[in-house]
Amino acid sequence: MSRNILDESRIHPAIRAAISGKHADIVGEVQAAVAANRVVVVGMRMNPFPKKARKTLNALGTPYQYLEYGSYFSLWKPRTGLKMWTGWTTFPMIFIDGTLVGGASELQKLIDSGEFARTIAHPATARPD
C-alpha cells in the first residue's frame, strides 16, 4: 500500500524548497531520536493520548525516548512539519525500530496481538533511513 502524495511535478518549482524545508529542524530532531532509540513517542502537552501511550510503555517497562512539542496553544506550526513528513495527523506519533506504528490506540493493538512483545524481544534490525 502506498500513501497518496502530491507528485512533485504538480508543485510549482518556486515553492518546492519551502515545502521540503518546512520545519526541517523539528523533523531532523525526530529523525535523530528514531535512529538512536528503539521506541520513540512524539507528543504534545494537554493531549491525553501521548500520556496514555507513555503510561502503557512505563507499565511494560519498555524504555523509550519522549519528545514533546508544545500544546494546543503553542508550536502548532512546527508540528505541522511532522504531520507533513509522516502523513500521520494526530499525536502521539509512535515509532518502533524506525517504523511509525501510529498512536496510542495502534500501540495498544500491537500489545494486545503480541506483536509488540515479539518485536521488542528481538534486537533491532537495520533500519531504513
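To start, this report covers the structure provided alongside it. (Residues numbered from 1 in each chain as written. Predicted model: local features only at pLDDT ≥ 70, side-chain atom pairs only at ≥ 80, totals over all residues. Heavy atoms only, no water.)

The sheet built from 4 strands is open, its strands ordered E2-E1-E3-E4 with mixed pairing. The open sheet has two free edges, formed respectively by strand E2 (65–68) and strand E4 (99–102), since each of these has just one partner strand. The sheet shows a mean angle of 25° between the axes of neighbouring strands, direction not considered. Direction of pairing for strand E1 (residues 39–43) relative to strand E3 (residues 93–96): antiparallel, over a ladder of 4 bridges. (Pairing = 2+ DSSP bridges. Helix = DSSP H or I, 4+ residues; strand = E, 2+ residues; numbered from the N terminus. Axes fitted to C-alpha atoms, helices over the stretch in contact; angles between N-to-C directions.)

Residue placement: serine 71 occurs in the loop between E2 and helix H4 (76–86). With relative accessibility at 5%, the residue serine 71 sits in the buried group. When residues no more than four places from it in sequence are discounted, the contact partners of serine 71 are Met44, Arg45, Met46 and Arg79. (Buried < 20%, exposed > 50% of the residue type's maximum accessible area, 1.4 Å probe, protein only. Contact = heavy atoms within 4.5 Å.)

When you line up the elements, tryptophan 88 lands in the loop between H4 and E3. A residue is classified by how much of its surface remains accessible, and tryptophan 88, at 24% relative accessible area, is partly exposed. With 68 residues separating them along the chain, tryptophan 88 and serine 20 place their C-alpha atoms 17 Å apart. Setting aside residues no more than four positions away along its own chain, tryptophan 88 makes contact with Lys83, Met93, Leu100, Gly102, Gly103 and Glu106. Of note is the side chain of tryptophan 88, whose polar atom sits 3.2 Å from the backbone oxygen of threonine 90. A distance of 3.4 Å separates a polar side-chain atom of tryptophan 88 from the backbone oxygen of proline 92. (Polar contact = N/O pair within 3.5 Å; in protein donor to acceptor, adjacent residues only side chain to side chain.)

Moving on, we get to the pattern of salt bridges. Across all of its chains, the model carries 3 salt bridges by this definition. The salt bridge partner of arginine 16 is glutamate 8, with a shortest N-O separation of 4.0 Å. For arginine 16, a relative accessible area of 27% corresponds to the partly exposed category. Take glutamate 8: its relative accessible area is 53%, and that puts it in the exposed class. Between arginine 45 and glutamate 68 there is a salt bridge; the shortest N-O distance is 3.5 Å. In this pair, arginine 45 sits in the loop between E1 and helix H3 (48–60) while glutamate 68 sits in strand E2, placing the two residues 23 residues apart along the sequence. (Salt bridge = Lys/Arg side-chain N within 4 Å of Asp/Glu carboxyl O.)

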